[in-house]
Amino acid sequence: MKSFKILLGLLAFTSASQSQVFDYSLTNTWHNEPQKHVMLPVFDSAAAVGILDERNIEYSVEGKDIAMYHSFHRIVKINTDAGIEMFNKVYIPLSPNALLSNVKARAVLKNGKVIIVPADKFKEITEDGRKYQLFAMEGLEKGAEVEYTYTLKKNTTFFGMEVFQSGSIPNQKMVFTLSVPQHLKFDAKGYNGFKISADSLIGDKRIIVGYAENVPEIEEEKYAVKNPYLKRVEYKLSYNLSGNPNVRIYTWKDFAKRAYTNYTTVAPKDVKPLNSFFAQLKMDNAAGEVNKITLIENFIKTSINVDKELIGEDVSTIEHAFKNRS
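For clarity, every value in this text was computed on a predicted model and none was experimentally measured.

A. Expanded view of helix H3 (residues 268-278). Those residues of H3 not exposed but buried are Asp 270, Leu 274 and Phe 277. All buried residues of H3 fall inside an arc of 60 degrees around its axis, so they share one side. Exposed positions of H3 whose direction lies more than 90 degrees from the buried face are Pro 268, Lys 272 and Asn 275.

See below:
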């Protein structure tokens with residue numbers, strides 16, 4: 001992937017939720033010589049503080065296809081022993097078929113010494129059915145900073161969500177960038193105070209940027225659902241200007257049609273295992289509709305583990321479900 005070095009000088013935009021105009025400039029924020037950062041006093045009691053959480057999503061034309069690159073850059077300042085424990089190992093989740101590149105990691109100690117993680121220390125592992133790239137941050141101490149960056153080339157999808165507020169630590173600065181070819185027009189929306197710009201044409205790219213600052217952690221609370229309250233960005237492709245620029249795409253109507261097809265169409269390879277599975281079900285054809293539905297539901301629930309905590313790359317496939325009963 002060619003390096004993404006675009007300067008958006010003083011791109012001013014207005015938050016949809018507030019009449020606040022702010023400036024944002026995009027530069028390459030990984031410096032060859034690491035910089036020490038100042039932590040706000042309000043976060044002194046935190047185990048660790050996110051100095052920067054930066055996410056860049058770039059769609060790029062490659063031949064006849066559109067490739068999707070997802071880049072991350074994070075800087076974390078360590079305050080306590082608990083913070084050291086949290087970041088002495090870093091896990092990079094690897095989605096199916098994703099290609100990992102541009103991986104760099106380092107620690108900057110209080111005295112300015114830089115510890116660079118060598119390439120042979122990055123290892124691919126599998127835990128609970130998921131693949132990760134794992135590396136250890138050696139020599140961490142209170143007051144040290146952990147910095148790492150990487151890029152994933154992923155299966156191309158034209159809508160998604162970035163959740164910035166993990167809840168485990170506060171963050172001083174969160175940055176989002178969406179960069180797409182000029183013939184594609186995306187919509188993006190920030191939630192819970194995450195500010196998002198309008199679409200802007202810069203050269204041959206359309207750019208949407210966003211940010212949030214000084215975001216506290218959200219503590220776990222029994223019986224409380226926190227996900228709707230996290231700062232996040234949702235984005236989707238809305239128009240292909242190289243086709244009919246007036247036709248909106250990826251609408252809820254399109255989604256409903258696809259959902260109906262997904263739920264009512266059986267792939268040829270799944271017909272035989274489905275027939276074998278339901279052949280075990282002893283159905284009284286004279287039974288009423290409610291009784292039939294109840295019987296089918298109980299049969300599935302007692303034959304297959306539907307625990308929502310089950311994870312894995314192929315856990316939702318019919319073949320996996322019948323083979324492993326989960």
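B. The packing of aromatic side chains, seen in detail. One pass over the full model with this rule turns up 14 aromatic pairs. Aromatic side chains Tyr 59 and Phe 158 sit 5.8 Å apart centroid to centroid with 15 degrees between the ring planes, which places their arrangement in the stacked category. One end of the pair, Tyr 59, is in strand S3 (residues 48-62); the other, Phe 158, is in the loop between strand S10 (145-154) and strand S11 (159-163), and 99 residues separate them in sequence. Each member of the pair, Tyr 59 as well as Phe 158, carries the same accessibility label: buried. With 5.6 Å between their ring centres and 85 degrees between their planes, Trp 252 and Phe 255 make a pair best called edge-to-face. Taken together, the residues Trp 252 and Phe 255, both in helix H2 (residues 252-264) and three residues apart, mark about one turn of the helix. An aromatic cluster is built from Tyr 59, Phe 158, Phe 159, Phe 186 and Tyr 250, whose rings are joined through pairwise contacts. One cation-aromatic arrangement involves Arg 55 over Phe 164; the distance from NZ or CZ to the ring centre is 4.2 Å. Here Arg 106 stacks its cationic end above the ring of Trp 30, 4.0 Å away from the centre of that ring.

C. Broad picture of the pattern of salt bridges. Counted under the stated rule, the structure contains twelve salt bridges. Its salt-bridge partner being Glu 162, residue Arg 55 comes within 2.6 Å of it at the nearest N-O pair. Of the two residues, Arg 55 sits in strand S3 while Glu 162 sits in strand S11, which places them 107 residues apart along the sequence. On the basis of relative accessible area, Glu 162 is assigned to the buried category, the value being 6%. When salt bridges that share partners are traced, they join Asp 53, Arg 55 and Glu 162 into one network.

D. The arrangement of the sheet that holds strand S9 (residues 130-136) in detail. With antiparallel pairing, three strands are arranged side by side in an open sheet as S5-S9-S8. Each having just a single partner strand, strand S5 (89-94) and strand S8 (123-127) make up the two edges of the open sheet. Each strand of the sheet is rotated relative to its neighbour by a mean of 40 degrees, with strand direction disregarded. Relative to S9, S8 runs antiparallel, the two being bridged by five bridges.

E. Representation of unusual backbone geometry within the structure. A positive phi is found at Asn 97, a non-glycine position, where the angle reads about 70 degrees. By the secondary structure assignment, Asn 97 is in the loop between S5 and strand S6 (99-108). Taking relative accessible area as the criterion, Asn 97 reaches 60% and is therefore assigned exposed. One non-glycine residue, Asp 128, adopts positive backbone phi at about 55 degrees. Along the chain, the position of Asp 128 falls in the loop between S8 and S9.

F. View of the layout of surface pockets. As a volume, the largest pocket reaches approximately 870 Å³. If you trace the largest pocket, you find 33 residues lining it, with Phe 72, Tyr 91, Ile 92, Pro 93 and Tyr 150 closest to the centre. Looking at the lining of the largest pocket, the elements that each hand over two or more residues are S3, strand S4 (65-78), helix H1 (81-87), S5, S9, S10 and S11. With six residues, the single largest contributor to the lining of the largest pocket is S5.

G. Structural context of the environment of Gln 165. Tracing the sequence through the fold places Gln 165 in the loop between S11 and strand S12 (171-181). In this structure Gln 165 comes out as buried when scored by relative accessible area, which is 6%. Once the C-alpha coordinates of Gln 165 and Lys 231 are considered, the two residues, 66 residues apart in sequence, prove to be 5.5 Å apart. Non-local contacts of Gln 165, meaning those with residues more than four positions away in its chain, are made with Met 174, Val 215, Pro 216, Ile 218, Tyr 229, Leu 230 and Lys 231. There is a polar contact of 3.0 Å between the side chain of Gln 165 and the backbone oxygen of Pro 216. Side-chain polar atoms of Gln 165 contact the backbone nitrogen of Lys 231, separated by 2.9 Å.

H. Here's a closer look at the sheet that holds strand S17 (residues 232-240). Within the open sheet, the three strands sit side by side as S11-S17-S13. Their pairing is antiparallel. With partners counted over all chains shown, the strands left at the sheet margins are S11 and strand S13 (184-191), one partner each. Going across the sheet, the axis of each strand differs from the next one's by a mean of 20 degrees, ignoring polarity.

I. The arrangement of the nonpolar core in detail. Grouped together as the largest cluster of nonpolar side chains are 24 residues, with contacts concentrated most on Phe 135 and Met 137. Every element with two or more residues in this core is listed here: S4, H1, S5, S6 and S10. For this core, the leading source of residues is S10, giving four residues. Filtering out sequence-adjacent residues up to four positions away, Phe 135 remains in contact with Asn 88, Lys 89, Val 90, Ile 92, Ala 105, Val 117, Lys 121, Phe 122 and Tyr 148. Ranked by size, the runner-up nonpolar core spans 19 residues in total, among them Tyr 59, Phe 164, Leu 184 and Ala 212.

Rules of the game
Residues numbered from 1 in each chain as written. Predicted model: local features only at pLDDT ≥ 70, side-chain atom pairs only at ≥ 80, totals over all residues. Heavy atoms only, no water. Buried < 20%, exposed > 50% of the residue type's maximum accessible area, 1.4 Å probe, protein only. Helix = DSSP H or I, 4+ residues; strand = E, 2+ residues; numbered from the N terminus. Arc of directions from axis to C-beta. Phe/Tyr/Trp six-rings, centres within 6.5 Å; stacked < 30°, edge-to-face > 60°. Lys NZ or Arg CZ within 6 Å of the ring centre and 35° of its normal. Salt bridge = Lys/Arg side-chain N within 4 Å of Asp/Glu carboxyl O. Pairing = 2+ DSSP bridges. Axes fitted to C-alpha atoms, helices over the stretch in contact; angles between N-to-C directions. 1 Å grid on protein atoms, 1.4 Å probe; cavity = no way out; pocket = protein on both sides within 12 Å on 5 of 7 lines; lining within 4 Å. Points joined across faces, edges and corners; volume = space filled by probe spheres on them. Contact = heavy atoms within 4.5 Å. Polar contact = N/O pair within 3.5 Å; in protein donor to acceptor, adjacent residues only side chain to side chain. Core = buried A, V, L, I, M, F, W, Y, C linked by side-chain atoms within 4.5 Å.

Purely geometric numbers; function is a separate question.
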